[in-house]
Amino acid sequence: DAKTTQPPSMDCAEGRAANLPCNHSTISGNEYVYWYRQIHSQGPQYIIHGLKNNETNEMASLIITEDRKSSTLILPHATLRDTAVYYCIVRRGGGFKTIFGAGTRLFVKA
Amino acid sequence: SAVISQKPSRDICQRGTSLTIQCQVDSQVTMMFWYRQQPGQSLTLIATANQGSEATYESGFVIDKFPISRPNLTFSTLTVSNMSPEDSSIYLCSVEDTKGSTDTQYFGPGTRLTVL
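Quantities reported herein were computed from a predicted structural model and do not represent experimental measurements.

## A word on the packing of aromatic side chains
Here is step 1: Counted according to the given criterion, the structure contains 12 aromatic pairs over all chains.
Here is step 2: Relative to Phe-66 of chain B, the ring of Phe-61 of chain B has its centre 5.6 Å away and its plane inclined at 65 degrees; by these criteria the two rings are edge-to-face.
Here is step 3: Residue classification places Phe-61 of chain B among the buried residues on the basis of a relative accessible area of 8%.
Here is step 4: Judged by relative accessible area, Phe-66 of chain B falls into the buried class, the value being 4%.
Here is step 5: Grouped by ring-pair contacts, the aromatic residues Tyr-32, Tyr-34, Tyr-36, Tyr-46, Tyr-87 and Phe-100 of chain A together with Tyr-35, Tyr-106 and Phe-107 of chain B constitute a single cluster.
Here is step 6: The positively charged end of Arg-91 of chain A is found above the aromatic ring belonging to Tyr-34 of chain A, 5.3 Å away from the centroid.

Next up, the structure:
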């Protein structure tokens, strides 16, 4: 599985958009980009995933560059409850394990 | 998405003893995974457990220390054997949900283990 690079921490003001970047320059054609978050002491929560098209759901938007070497997770209106560690992961679908990196610790401030 | 529960949610154990953690899923799943999260660290995969076959362990983890059972498609157990304080971690069960268009892993709430 391809490795990912994320900034160790980021700050965001409450109510503003949080844009979390991820580099995955060695991603292969059949690997998806997944995002999870882990709020303190809880199990990781699935947020969104995509292959090459931009994706949006009720939680977030995922923007993947055309060359697929990087992506950005967007939380459109961050709240204090969005303070968490966000993990960007690339993996193939269908029976392949998820390997976690260090993630980005997002602090949403009032 | 699959709903996953774990028992116990937390425990405090004495060194040298063993603890068995249970993972129950509300639907049948082929693949289940066990992770460990040491204090302040990211998640580390311990093993993959498929029903009807031996678990596959990641480098650094062995069956004698972390035996796993997978008796059916909705249940698995992880035992932490002969515990030491270094085993103090959160242990998480995860399953792969194949109902959607893409297979996605979901995680249980975790079991917080403290070894004295």
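## Looking at the interface of chain B and chain A
Here is step 1: Counting from both sides, the interface comprises 19 residues of chain B and, opposite them, 22 residues of chain A.
Here is step 2: Interface area for chain B against chain A, summed over the two sides, is near 1,600 Å², with a carbon-plus-sulfur share of 50%.
Here is step 3: For the interface between chain B and chain A, the tally reads 2 salt bridges.
Here is step 4: The closest approach of N and O atoms between Glu-58 of chain B and Lys-97 of chain A, which form a salt bridge, is 3.0 Å.
Here is step 5: Elements that contribute at least two residues to the side of chain B that touches chain A include exactly strand S4 (31–37), strand S5 (43–50), strand S9 (89–97) and strand S10 (104–107) of chain B.
Here is step 6: Its residues assigned to classes, the side of chain B that touches chain A comprises 9 nonpolar, 6 polar and 4 charged.

The rules behind each value
Residues numbered from 1 in each chain as written. Chains lettered and ligands numbered in written order. Predicted model: local features only at pLDDT ≥ 70, side-chain atom pairs only at ≥ 80, totals over all residues. Heavy atoms only, no water. Phe/Tyr/Trp six-rings, centres within 6.5 Å; stacked < 30°, edge-to-face > 60°. Buried < 20%, exposed > 50% of the residue type's maximum accessible area, 1.4 Å probe, protein only. Lys NZ or Arg CZ within 6 Å of the ring centre and 35° of its normal. Contact = heavy atoms within 4.5 Å. Buried area = accessible area lost by both parts, 1.4 Å probe. Salt bridge = Lys/Arg side-chain N within 4 Å of Asp/Glu carboxyl O. Helix = DSSP H or I, 4+ residues; strand = E, 2+ residues; numbered from the N terminus. Nonpolar A, V, L, I, M, F, W, Y, C, P; charged D, E, K, R; others polar.

What is shown is where atoms sit, not what they do.
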